[in-house]
Amino acid sequence: GAVLEDGFGNPIEVYGDDDEESLARAVESSVPSGTPSEHLAVAWAVRNRARRLCVPVTLLVAPGGEHGPRGTGGRNFVSSAREGSARARSTAKHVLAQGRGQDPTGDAIDFWKPAQQRQLSTLALAHAIAVESGDETAAEVLAPFAPYRASEDETRAGLLASGLRVRGVVGNIELLGE
């Protein structure tokens, strides 16, 4: 896929099979058991962010052509670790075939799951308690959650401080845009 300009500096979106695959993987990795509406919301947010950055979806989701977890290999926006399910592939194909006017997210360019952040911050607290109490086994098991110390409110405040605002809520997904 590619983002080209029309001669007036306006992006023209052109998508290929690699973008469809990458978008399906991002959807599946973000909301594996999500509703169809949540799948659409995530797909549109990823597509909109790629357009905003003037990069193909694949470059945003899989820098260097490598899919994987968020926070690795330059993937700081979204994970693409999971294979796209048939439903995620269908969603990706549908979203990439639509015009911008069909976007139901209000031009969202980011998303997060507040309930998931609550769970992660609880696990981060459990990790801190395990470390403080000297429970090495629990500390080791809970170590992957240590970076998620921020509460739901702290996370939302950070997102809003970065210039984003809530554009809508779809199921468990909070959509953010400028």
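Residues numbered from 1 in each chain as written. Predicted model: local features only at pLDDT ≥ 70, side-chain atom pairs only at ≥ 80, totals over all residues. Heavy atoms only, no water.

(A) Spatial organisation of the packing of helix α1 (residues 17–30) against helix α4 (residues 86–97). Contact pair α1 / α4: the axes reach a minimum separation of 8 Å and the direction vectors enclose 125°. One element, α1, and the other, α4, form an angle in the oblique class. Judged by the twist between their axes, the crossing of α1 over α4 is right-handed. In this structure, α1 contributes D19, E20, E21, L23, A24, V27 and E28 to the contact, and α4 contributes A88, R89, A92, K93, V95 and L96. Looking at the contact of α1 with α4, its residues break down into 7 nonpolar, no polar and 6 charged. (Axes fitted to C-alpha atoms, helices over the stretch in contact; angles between N-to-C directions. Helix = DSSP H or I, 4+ residues; strand = E, 2+ residues; numbered from the N terminus. Parallel < 35°, antiparallel > 145°, perpendicular 65-115°, else oblique. Left-handed = near helix turned anticlockwise from the far one by under 90°. Contact = heavy atoms within 4.5 Å. Nonpolar A, V, L, I, M, F, W, Y, C, P; charged D, E, K, R; others polar.)

(B) Examining the pattern of salt bridges more closely. Applying the stated rule across the entire model yields 11 salt bridges. A salt bridge links R89 to E83; the shortest N-O distance between them is 3.7 Å. The network of salt bridges with common partners includes R118, E152, D153, R156 and E174. (Salt bridge = Lys/Arg side-chain N within 4 Å of Asp/Glu carboxyl O.)

(C) Representation of the environment of T105 in the model. The residue T105 is located in the loop between α4 and β3 (110–112) in this model. Through-space distance from the C-alpha of T105 to that of A41 is 6.3 Å; in sequence the pair is 64 residues apart. Those residues within four positions of T105 in sequence are excluded, and the remaining contacts are A41, W44, N48, R167 and L175. Side chain to side chain, T105 and N48 meet in a polar contact 3.4 Å long. Within the structure, T105 has its side chain in polar contact with the backbone nitrogen of A108 (distance 3.1 Å). (Polar contact = N/O pair within 3.5 Å; in protein donor to acceptor, adjacent residues only side chain to side chain.)

(D) Structural context of helix α7 (residues 152–161). Within α7, burial applies to E152, T155 and L159. The arc that holds the buried residues of α7, viewed along the axis, is 65°, so those residues lie on one side. Exposed and facing more than 90 degrees away from the buried side of α7 are D153, E154 and A161. On its buried face, α7 sits against β3, α5 (114–133) and β5 (173–177). Looking at the residues trailing α7, positive phi occurs at G163, about 100°. (Buried < 20%, exposed > 50% of the residue type's maximum accessible area, 1.4 Å probe, protein only. Arc of directions from axis to C-beta.)

(E) Looking closely at the pairing of strand β4 (residues 165–170). In this sheet, β5 lies alongside β4 in antiparallel orientation, the contact comprising 5 bridges. Bridge assignment links R165 to a residue of β5, and that residue is G177. Adjacent in sequence and paired antiparallel, β4 and β5 are bridged by 2 residues, among which G171 carries a positive phi angle near 60°. (Pairing = 2+ DSSP bridges.)

(F) Broad picture of the sheet that holds β5. Ordered by their spatial adjacency, 3 strands build an open sheet running β3-β5-β4, and the pairing between neighbours is antiparallel. Two strands in the sheet have a free side with no partner beyond their single neighbour: β3 and β4. Pairwise comparison of adjacent strand axes, ignoring direction, gives a mean angle of 30° for this sheet. Along the sheet face, helix α2 (residues 36–53) touches β3, β4 and β5 and points at about 140° away from the line of β3.

(G) Summary view of the nonpolar core. Ranked by internal contacts, the top residues of the largest apolar core, which has 26 residues, are L23, V42, V46, V57, F111 and L175. Ranked by residues supplied to this core, first place goes to α2 with 7 residues. (Core = buried A, V, L, I, M, F, W, Y, C linked by side-chain atoms within 4.5 Å.)

(H) Expanded view of a nonpolar patch on the surface. On the surface, L160, V166 and V169 cluster together into a nonpolar patch covering about 240 Å² of accessible area. Relative to the assigned elements, L160 resides in helix α7. (Patch = residues over 30% accessible without salt bridge, like charges linked within 9 Å, V, L, I, M, F, W, Y side chains within 5 Å. Areas by Shrake-Rupley, 256 points an atom, 1.4 Å probe, with all protein chains shown as cover.)

(I) Representation of the pairing of β5 within the structure. Across the 5 residues of β5, 5 count as buried, placing the element largely inside the fold. The alternating pattern of β5 places I173, L175 and G177 on one face and E174 and L176 on the opposite face, and all of these are buried. Examined bridge by bridge, β3 and β5 share 3 bridges and lie antiparallel to one another. By the bridge assignment for β5, W112 is matched with E174.

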